[in-house]
Amino acid sequence: MTDERPSDPVEPADLVPDDGPTDAHAEPDSDVEPAEPADEPDAVTSAGEPADESAGDEPVSESAQSAADDADDAITREVVPAAGPAADDHPATDDVPEPIGPETIEPEQFDREAVSPTPIPGGAFPTVPQLDPADDTWWRSAIFYQIYPRSFSDLDGDGVGDLAGVIDKLGYLELLGIDALWLSPIMRSPMADHGYDVSDPRDIDPLFGDLEDFDDLIAEAHDRDIRVTMDLVPNHTSDQHEWFTAALAAGPGSPERGRYIFRDGIGEGGDEPPNNWHSVFGGPAWTRVTESDGTPGQWYLHIFAAEQPDLNWENPEVWDDLETTLRFWLDRGVDGFRIDVAHGMAKPEDLPDMDLESTRLLQNDDDDPRFNNYAVHDIHRKIRAVLDEYPGAANVGEIWVEDNERFAEYLRPDELHLGFNFRLAKAAFDADEIRDAIENSLDAVVSVAGTPTWTLSNHDVEREVTRYGRPVGDTDARPDLELGIARARAMALVELALPGSVFIYNGAELGLPNVDLPDEVLQDPVWERSGHTERGRDGCRVPLPWEGNEPPFGFSSSSQTWLPLPESWSRFTVETELEDITSTLSLYRQAIDLRSERPEFAGTQVEWYGAPEGCLAFRRSEGRLICALNASDAPVPLPHGELLLVSAPLVDGHLAPNAAAWLV
């Protein structure tokens, strides 16, 4: 690819095709004409309404027009499977079946035994197939919706989200149009790191429900043509896991300790840790144990919290146990896994010291010996071999690796199906940064014919509304909420216009910002381990608002939710946004529907257009969809084409600042 930018567009204010492709490796059609100022081009707003009286005849996606009609049906506390489309039928959004209605199966009609695994002698379960074993490429263009279970929907009234709450909202997710769920950890855990400290990888934590609830979720999600993927945490366990308890009791040199990374200390009496590694959460990555005789003993490694001891992946027992876990969930019908710390697990044999000058909380670089050691690829090959026995299953890895060549190694045909690339989420709202992130992400997978992934936020990342609400380059400024919402809407169209798979973090479709929580309610271990200097990630994990005018906005029947919802969130409830055809939720619904239905979204590459200062535009190489982004402070003319969708109303026929548009 070439990194050159067109230095002299045909007209300074116009969006025009580049003279040649960049990373697309393909020439744009010669018949694409530079854009010229139009005589008041018809504008389609994000609401699906004409921007002026003359635009009334413009063909418009009608999906948002049905939002108000669906509002009462999408928000429900009945647990019922909807009479949805067939597996291969993806209706236009305005034809999405109502989740609750006269034709819906009532609860008493639902035969649990017909769809849920039934115990057989010995406690085993019959195999439940993945949603569609015949489709082994679904993940290449899927829209995943990440559910942070604690914060999605609470049906049992304890103030914490649960699996019954997820089942209760499947009608909403079907209405949104997503293809697959990604459930953050729901396995049994003491919750030192909100589920990423697993004490039993083959059970559901009672906080979220039980295995019967999980089986119901699989069955009912599949009934709605929605796949279910779940978090897998293979780098470490909880310190309450039976293996670690046995390791503490067994003593130095025992097989039990051989499952983890125990080392003798250095210095007089072994009082110093084995090396200088720091925890990602702050403080040392080693904790010293007291032996059974009461004397100070060995040290164990924990790259994260002390309650999360790292497993020793050189011990074959560790893989054997993970394989059992993989098959346990796949046999229940899980459609795949998101692998936590997929660049972790393997450690260098000599555990060399790290460069502490470049160490940051919750971050690592490519020279960090704690991560990205080559032996990790053998682990991923073993995982892939198991998944290949379950047609239709796929996995995605959390890979914090900057070098494209090293990143691509994780996506070879016998390793991960997908790898999270966080460049777009880290890019500021700046046209050059955004283009660089897109080009780099596409380039990162081309050597292995991989599929790019896109996300703007997740449970570890500040929400995009808050990030984009600050001036570029000033991370300490107080965010401008309205500016952040406008920019987040524009970036949603950019993200959904790109080839590959998209991951939407729950609440992004509502335009939720981060919440500035009071100190006394913070729960992220980063807060304590940093000595109260880093506030951690709780601000992006606040529960979702569903309905009503005051907290907890239908999230729970309890007013004491695990994190408090701000009173100002009444404008962001699902109920409110479904009734507003100009809302961020309505924009997401339209965009997802168009992406699913329109042939213009075909192809795996993009071609870049020349653009004025502060703008960018690209075209899908096969389907010819055009996406234009105006990150500048002034309106700009659009490229030629029929306007399909915009994130904000046009200004005198021009693309508004902090807005994006789709054209065909």
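Rules of the game
What you see as residue numbers is a count from 1 along each chain, following the sequence as written. Under the rules for a predicted model, residues below a pLDDT of 70 receive no local features and side-chain atom pairs below 80 are neither given nor counted, while totals for whole chains, interfaces and linings still include all residues. Computation of side-chain values: all heavy atoms of the structure, hydrogens and water removed. Here a strand pair is declared whenever DSSP counts at least two bridges between the two strands. Working definition: helices are DSSP H or I runs of at least four residues, strands are E runs of at least two. Numbering for both runs from the N terminus. Structural elements are reduced to axes, namely lines fitted to C-alpha atoms, with helices fitted over the stretch in contact, and the angle between N-to-C directions of any two is expressed from 0 to 180 degrees. Residue contacts follow a heavy-atom distance rule, with two residues in contact if any of their heavy atoms lie within 4.5 Å. When a residue's accessible area, from a 1.4 Å probe over protein chains only, is under 20% of the maximum for its type it is buried; when over 50% it is exposed; and in between it is partly exposed. For Phe, Tyr and Trp, rings pair up if their centres lie within 6.5 Å, where Trp contributes its six-membered ring, and each pair is then called stacked (planes under 30 degrees apart), edge-to-face (over 60) or tilted (otherwise).

Asker: I would appreciate a short explanation of the sheet that holds strand β3 (residues 180–183) in the present structure.
Answerer: Strands sit in the order β12-β11-β10-β6-β3-β2-β14-β13 across an open sheet of eight strands; the sheet is parallel. Bordering the open sheet on either side are β12 (418–420) and β13 (453–455), each of which pairs with just one other strand. Across this sheet, the average inter-strand angle for adjacent strands is 25°, counted without regard to direction. In this sheet, β3 lies alongside strand β2 (residues 143–147) in parallel orientation, the contact comprising four bridges. Counted as the bridge partner of I147 is L183 from β3. Relative to the sheet, helix α6 (residues 211–223) contacts β3 and β6 (227–232), its axis offset from that of β6 by approximately 140°.

Asker: Before we go on, may I ask you to explain the pairing of strand β17 (residues 626–630) in this structure?
Answerer: Regular strands show a simple pattern: their side chains alternate between the two faces of the sheet. Among the five residues that make up β17, five are buried, leaving the element largely enclosed by the rest of the structure. Because side chains alternate across β17, one face comprises the buried residues I626, A628 and N630, and the other comprises C627 and L629, equally buried. In the sheet, strand β16 (residues 615–620) pairs with β17 via five bridges, with the strands oriented antiparallel. Its bridge partner lying in β17, L616 is registered against L629. Where β16 hands over to β17, the hairpin turn is made up of five residues, of which R624 adopts a positive phi near 75°. Bridge count between β17 and strand β19 (residues 659–663): five bridges; the pairing is antiparallel. When the bridges of β19 are listed, A628 appears paired with A661.

Asker: Teacher, can you tell me more about the packing of aromatic side chains here?
Answerer: Counted by the stated rule, this structure contains 22 aromatic pairs. With a centroid separation of 6.4 Å and 40° between ring planes, the pair formed by Y148 and W562 is classed as tilted. Linking Y148 in the loop between β2 and α3 (149–152) with W562 in the loop between α15 (525–529) and α16 (574–578), this pair joins segments that are 414 residues apart in sequence. We classify W562 as buried; its relative accessible area is 9%. When the ring of W400 is compared with that of F422, the centres are 3.9 Å apart and the planes differ by 5°; the resulting orientation is stacked. Pair noted here: W400 is in the loop between β11 (394–398) and α10 (404–409) and F422 is in the loop between β12 and α11 (423–426), with a separation of 22 residues, a long-range link.

Asker: How should I be thinking about the pairing of β19 in this particular structure?
Answerer: Of all the five residues making up β19, five are buried; the element is thus mostly covered by neighbouring parts of the structure. Residue alternation in β19 divides its side chains into two sets, A659, A661 and L663 and A660 and W662, and both sets are buried. Where strand β18 (residues 643–646) meets β19, three bridges bridge the pair, whose relative direction is antiparallel. Across the sheet, V646 pairs through a bridge with A661, a residue of β19.

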